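Notes for the structure review
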Amino acid sequence: MKKRYKRNFIANFIIRFDFEKYNEINVEKIAERFQQDFPIIEKKNIQDHQIVIDGAGENKIGSPRIEPTNLIHEISMINAKQDQRVKISDMFFTYETTNYKTFDDIKKIICPILDFLETDNQVKKYKRFGIRYINLINLPCKNKKELLDWNDYINNELLSSNSMFSKKELLQLIHIHNIKSSFNDDIIYTVQSGMPNQNFPASLMEKNFLIDIDGYSKVLMEKNEIIEMFDNIHNEENEIFETCIKDELRRIMNE
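Every chain is numbered on its own, with residues counted from 1 as its sequence reads. In keeping with the model being predicted, local features are shown solely for residues with a pLDDT of at least 70 and side-chain atom pairs are shown and tallied solely at 80 or more, while totals for entire chains, interfaces and linings include all residues. Here the side-chain values reflect all heavy atoms present in the structure, with hydrogen atoms and water set aside.

Brief notes about the nonpolar core
Generally speaking, nonpolar side chains in soluble globular proteins are found buried as a group. Convention followed: For the purposes of this section, nonpolar cores are sets of buried Ala, Val, Leu, Ile, Met, Phe, Trp, Tyr and Cys residues that join through side-chain atoms within 4.5 Å. Each residue is assigned to one of three classes by its accessible area relative to the maximum for its type, calculated with a 1.4 Å probe on protein chains only: buried under 20%, partly exposed between the two thresholds, exposed over 50%. Secondary structure follows DSSP: runs of H or I at least 4 residues long count as helices, runs of E at least 2 residues long count as strands, and numbering of each begins at the N terminus. We call two residues in contact when some of their heavy atoms are within 4.5 Å.
Within the largest apolar cluster, 60 residues are counted, with the highest numbers of intra-cluster contacts made by Phe13, Phe17, Ile88, Phe93, Leu117, Ile154 and Phe230. With eight residues, helix 2 (residues 103–121) is the largest single contributor of residues to this core. Beyond its immediate sequence surroundings of up to four residues, Ile154 is in contact with Ile137, Leu159, Phe209, Ile211, Cys244, Ile245, Lys246 and Leu249.

Put into structure tokens, the structure is as follows:
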């Protein structure tokens, strides 16, 4: 997040760009260009398909069949520490890391790849792009009561339904909110928050709270338009995160 803390709870950061159309990408050239930063290479080909209905007409239902279409080339490039991954195919480009530091560091990696895709592969427009922060807040607890107690750390409104089933054992609780951007009507944020359970349907055993913020576009955009929005989306996602938490969690993040 933009606001600097000494530590964060970002379990995964993902940024994704879906191309306007199928583009046959030269994965060998991409691997060579970015090999210094991402020396571990994984490649695969995926056969895409479409459903075709034969013999359809007036008052007649045709017979469906599956027909192969494009062969999709895909490359994954991983850094030496294996905490950053770039995946590029003929359909999309994604970057993700489990070791997020700053958004400025991310842009230094993302922008050269977008430039390369534009100049060498003529990828100029994207039908969708998204920036996603998956915050998984993990705190120690001594007993089952503390396991469910987030009152000192999380905004009360996000906890308001926790007591609805207080007579039952809570196994998992996730809320989903969809929010329109305040600076651009074409940007939407999906916010998932609550207490996830990695061992579901077993009982909760860890004190975890999820704040998953995914900001994404819903219209066709050019590369330069997207780059101009990076900081605005990042700042709004930071505001959403700050709205979700309380000062006690901020104190822990600054320890």
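Having seen the structure, we can now continue with the description.
A closer look at the environment of Asn254
Inspection of the secondary structure puts Asn254 in the segment after helix 5 (247–253). The spacing of Asn254 and Lys6 is 248 residues in sequence and 4.9 Å in space, taken between C-alpha atoms. Contact partners of Asn254, with chain neighbours within four places excluded, come to Arg4, Tyr5 and Lys6.

Observations concerning the pattern of salt bridges
Convention followed: Here, a salt bridge means any Lys or Arg side-chain nitrogen found within 4 Å of an Asp or Glu carboxyl oxygen.
Summed over all chains, the structure comprises 16 salt bridges. For Asp115, the salt bridge goes to Lys223, with nearest N and O atoms at 2.7 Å. Note that Asp115 is positioned in helix 2 and Lys223 in helix 4 (residues 223–244), a separation of 108 residues in sequence. Residue class for Asp115 comes out partly exposed when judged on its relative accessible area of 33%. For Lys223, a relative accessible area of 7% puts it in the buried group. A salt bridge links Lys218 to Asp186; the nearest nitrogen and oxygen atoms lie 4.0 Å apart. Remark: Asp186 occurs in the loop between strand 7 (173–180) and strand 8 (187–195) and Lys218 occurs in the loop between strand 9 (207–217) and strand 10 (221–222); sequence separation between them is 32 residues.

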